[in-house]
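The primary structure of each chain is shown beneath.
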Amino acid sequence: YGNFIDDLRVYVRGGTGGMGYPRLGGEGGRGGDVWFVARERITLKGIKEKYPHKRFVAGTGANSSVKALKGEKGKDCEVHVPPGISLLLDDGKQIGELNAAGERFLAARGGLGGSLATNFLPCKGQKRIIHLDLKLIADVGLVGFPNAGKSSLLSKISHAKPEIASYPFTTIQPELGKIIYADYKQVSVADLPGLIEGAHVNRGMGHKFLKHVERTKQLLLVVDISGFQLSVKTQFRTAFETILLLTKELELYKEELVTKPALLAINKMDLPCAKDNLNELMSQLQNPQDFLHLLDEEMIPANTLEFKEVIPISTYTGEGIEELKAYIRKSIDEEAERENEEYRKKKLLLLQTSQ
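Values in this document were obtained by computation on a predicted structure and should not be read as measured data. Going along each chain's sequence as written, the residues are numbered from 1 onward. pLDDT decides what is reported in this predicted model: residues at 70 or higher carry local features, side-chain atom pairs at 80 or more are listed and counted, and totals for whole chains, interfaces and linings draw on all residues regardless. Side-chain measures here rest on the full set of heavy atoms in the structure, leaving out hydrogens and waters.

This brings us to the side chain of Thr 315. Of note, Thr 315 is situated in the loop between β14 (307-312) and α6 (321-354). Note on classification: 1.4 Å probe, protein chains only; a residue is buried when its accessible area is under 20% of the maximum for its type, exposed when over 50%, partly exposed between these limits. What makes Thr 315 buried here is its relative accessible area of 13%. Contacts of Thr 315, omitting those with residues within four sequence positions, involve Gly 149, Ser 152, Leu 153, Lys 156, Asn 267 and Ile 321. Runs of H or I in DSSP of at least four residues are treated as helices and runs of E of at least two as strands, each being numbered from the N terminus. We call two residues in contact when some of their heavy atoms are within 4.5 Å.

Put into structure tokens, the structure is as follows:
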């Protein structure tokens, strides 16, 4: 998975409370807390390099004394993490999420200071092992089998410079790019490692890839018009079969992924016979039910993806790239307007019920 880190296991411990003062009834200060705070331009790799021991311990509360019967609270420990983090315990239970810069999560609470209730003895702070699980947040996620041209497409539509080569697995770590439009509107696009059949059961990069699709607002499927074959040992798949297989992998991993708004980019239109293959594919997509009997049952998804647009492109000649960028913008704007409309309706309903 290259140098990219999307899961980090850390130890956190709240500070121990301060000692009480039995003779004068003094109370020790509470131990400091450990907080995770989302910040832009932070990476899990950066955290690992800065804190190789991956231990975060808050300060101890001050002891009660003649000068200060109530001891001061221990110093809090703030850990800056990237937005898009899920916080999981060792058993996989999720205890929190940080999705936007500035959001905070209390990871470990400090112990109480010594007081009459504790026989003036301090309490230890909470301690936990927490997994920081990163899921990339992007407007659009590129989904496709290896060699479909996702990396080439990302380099054409955005300022990202991913590695591009003729071998299947070019992308071994997620790449983020930004499409910048004439009015300075920015749309973030994530190129994710290529899926293979069986990804939902963690074959290939399976779950490492699929978890990043969860946080993207929309999907852009990239399919090779001439079909796909991973190696001589695997079966050849036509473009239509590829679309169904990709849908099936998304559906088996998490059904909600298939309900996301989706666009379909048909790549490599510069190849011979591409026009004939496209005509055949379009007729298959218009009436997919008529062609499902030709496929193995395990390849057929329960729900087919509804594509808002199907755009023929060539990352080699540049054909269709500007149209694709326009469709991505249109789709993002329509979705934002729909969300705003839903929000307005909810607010109106709340006002009506309160009156």
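Structure's up, so let's keep going.
So, about the pattern of salt bridges. Every case where a carboxyl oxygen of Asp or Glu lies within 4 Å of a side-chain nitrogen of Lys or Arg is listed as a salt bridge. Here the structure, examined in full by the defined rule, presents 23 salt bridges. Residue Glu 214 is joined to Lys 135 by a salt bridge in which the shortest nitrogen-to-oxygen separation is 3.3 Å. Of this pair, Glu 214 sits in the loop between α3 (206-213) and β12 (218-224) while Lys 135 sits in the loop between β8 (127-134) and β9 (140-143), and the two are 79 residues apart along the sequence. For the pair formed by Glu 214 and Lys 135, the shared burial category is buried. As a salt-bridge pair, Lys 308 and Glu 334 come within 3.4 Å of each other at their nearest N and O atoms. Here the residue Lys 308 occupies a position in strand β14, and Glu 334 occupies one in helix α6, the gap between them amounting to 26 residues. Taking relative accessible area as the criterion, Glu 334 reaches 37% and is therefore assigned partly exposed. Members of the salt-bridge network, linked through shared partners, are Lys 308, Lys 330, Glu 334, Glu 335, Arg 338 and Glu 342.

On to the sheet that holds strand β11 (residues 186-191), then. Taken together, six strands build an open sheet; the order of strands is β10-β11-β9-β12-β13-β14 and the sheet is mixed. Bordering the open sheet on either side are β10 (175-180) and β14, each of which pairs with just one other strand. Averaged over neighbouring strand pairs, the angle between their axes works out to 25° when direction is ignored. When DSSP locates at least two bridges between a pair of strands, those strands are taken to pair. Of the strand pairs in this sheet, β9 and β11 are connected by three bridges, and their pairing is parallel. Within β11, the position partnered with Val 140 by the bridge is Val 189. Helix α4 (residues 239-253) rests against β9, β12, β13 (262-267) and β14 of the sheet, and its axis sits at about 145° to β12. As a rule, the C-alpha atoms of each element are fitted with a line to give its axis, helices using only the stretch in contact, and angles between N-to-C directions run from 0 to 180 degrees. In the packing of α6 onto the sheet, contacts are made with β9, β10, β11, β12, β13 and β14, and the angle to β14 comes to roughly 170°.

Where β10 and β11 come together, six bridges link them in antiparallel fashion. The residue of β11 that forms the bridge with Lys 178 is Ser 188. Turn length for the β10-β11 hairpin, with the two strands adjacent in sequence and antiparallel, is five residues, and the turn residue Tyr 184 shows positive phi of about 70°.

On to the confidence of the model for the protein, then. Segments scoring low in pLDDT should not have their predicted coordinates read at a detailed level. Taken residue by residue, the protein gives an average pLDDT of 86. The fraction at 70 or more is 90%. Scored between 0 and 100, pLDDT is the confidence that the predictor attaches to each residue. The low-confidence segment residues 162-172 (pLDDT under 50) makes 30 contacts with residues lying over four places distant or belonging to another chain.

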